Amino acid sequence: MANNSQIAIYPGTFDPVTYGHIDIIRRAAALFDHLIIAVAPNRIKGPIFNVEERVDLLSATVSELSNIEVTPFSGLLMDYAKSKNANIIIRGLRAISDFEYEIQMAAMNRQLAADVETLFLSPTAEYSFLSSTMVRDVARHNGDVSAFVPEVVVEALAAKFR
Ligand code: ADP
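What counts as what
- Residues numbered from 1 in each chain as written.
- Predicted model: local features only at pLDDT ≥ 70, side-chain atom pairs only at ≥ 80, totals over all residues.
- Heavy atoms only, no water.
- Axes fitted to C-alpha atoms, helices over the stretch in contact; angles between N-to-C directions.
- Helix = DSSP H or I, 4+ residues; strand = E, 2+ residues; numbered from the N terminus.
- Parallel < 35°, antiparallel > 145°, perpendicular 65-115°, else oblique.
- Contact = heavy atoms within 4.5 Å.
- Nonpolar A, V, L, I, M, F, W, Y, C, P; charged D, E, K, R; others polar.
- Near = heavy atom within 4 Å.
- Polar contact = N/O pair within 3.5 Å; in protein donor to acceptor, adjacent residues only side chain to side chain.
- Areas by Shrake-Rupley, 256 points an atom, 1.4 Å probe, with all protein chains shown as cover.
- Pairing = 2+ DSSP bridges.
- Buried < 20%, exposed > 50% of the residue type's maximum accessible area, 1.4 Å probe, protein only.

Draft legend 1. Structural context of the packing of helix α2 (residues 51–61) against helix α6 (residues 151–161). Where α2 contacts α6, the two axes come as close as 10 Å, and the packing angle between them is 155 degrees. As summarised for this structure, α2 and α6 are arranged roughly antiparallel, according to the angle between their axes. The residues of α6 that touch α2, namely those facing Glu53, Leu57, Ala60 and Thr61, are Val152, Val153, Ala156 and Lys160. Classifying every residue of the contact of α2 with α6 by side-chain character gives five nonpolar, one polar and two charged.

Draft legend 2. Broad picture of the site of the ligand. Taken together, 17 residues form the shell around the ligand, and within it Tyr10, Thr13, Phe14, Gly92 and Leu130 come nearest. In this structure, an oxygen atom belonging to the ligand sits 2.5 Å away from a side-chain N or O atom of threonine 13. In this structure, arginine 94 approaches the ligand through a side-chain N or O atom, which is 3.1 Å from a nitrogen atom. Out of a free accessible area of 550 Å², the ligand has 93% covered by protein chains. Counting residues per element, the ones that place at least two in the shell around the ligand are β1 (7–12), α1 (19–31) and β4 (88–92).

Draft legend 3. How the structure looks around the sheet that holds β4. Here five strands make up an open sheet; going across it, the order is β3-β2-β1-β4-β5 and the pairing parallel. Single-partner strands in this sheet number two, and they are β3 (68–72) and β5 (117–121). Strand-to-strand, the axes of this sheet are offset by a mean angle of 30 degrees, without reference to chain direction. Across six bridges, the pairing between β1 and strand β2 (residues 34–39) is parallel. Paired with tyrosine 10 across the bridge in β2 is isoleucine 37. α2 rests against β2 and β3 of the sheet, and its axis sits at about 170 degrees to β3.

Draft legend 4. Spotlight on the side chain of serine 132. With respect to the element layout, serine 132 can be found in helix α5 (residues 132–140). On the basis of relative accessible area, serine 132 is assigned to the buried category, the value being 13%. Side-chain polar atoms of serine 132 contact the backbone oxygen of proline 16, separated by 2.8 Å. Those residues in contact with serine 132 that lie beyond four places of it in its chain are Asp15, Pro16, Thr18 and His21.

Below you can see the structure in the form of structure tokens.
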């Protein structure tokens, strides 16, 4: 990347990627020269898809966008941002429930790296109440999740819970 190009990072667990994430990815990809989708390894409870599977599902769903890169990451996000020359962190804001956690994290990240800005984007109203957790719960009980996730994810979920 050239020195003056704007590199943004969209970090998350993406377990699995939903249309809400994809909505944010499209918006961010339109705003910045290069978007790195950084897939975090685990959460407290442990994800249902491993990092490699989550990276593959993301890559399959956003393959038509040319200025994005999907990659695993671990460690401190601010260290990762510096290593990638990125000065923007993208986060999605849904309903107000996201706000407190997101604002805390943004404040902490600013403390760690003052020159990296956290930018919040909101999805279309349709996806404002959609979460990976809900998708997993519905899929676990054989519910239809095709309105919330792309076909590759529907299939991956079906294979997981078969
Ligand atoms: P994390 O474990 O970091 O919360 P997620 O994969 O759950 O990872 O989400 C990554 C980011 O995407 C977060 O900023 C989250 O708020 C946002 N996000 C998740 N679902 C949606 C959605 N339906 N619409 C908009 N943003 C979303």
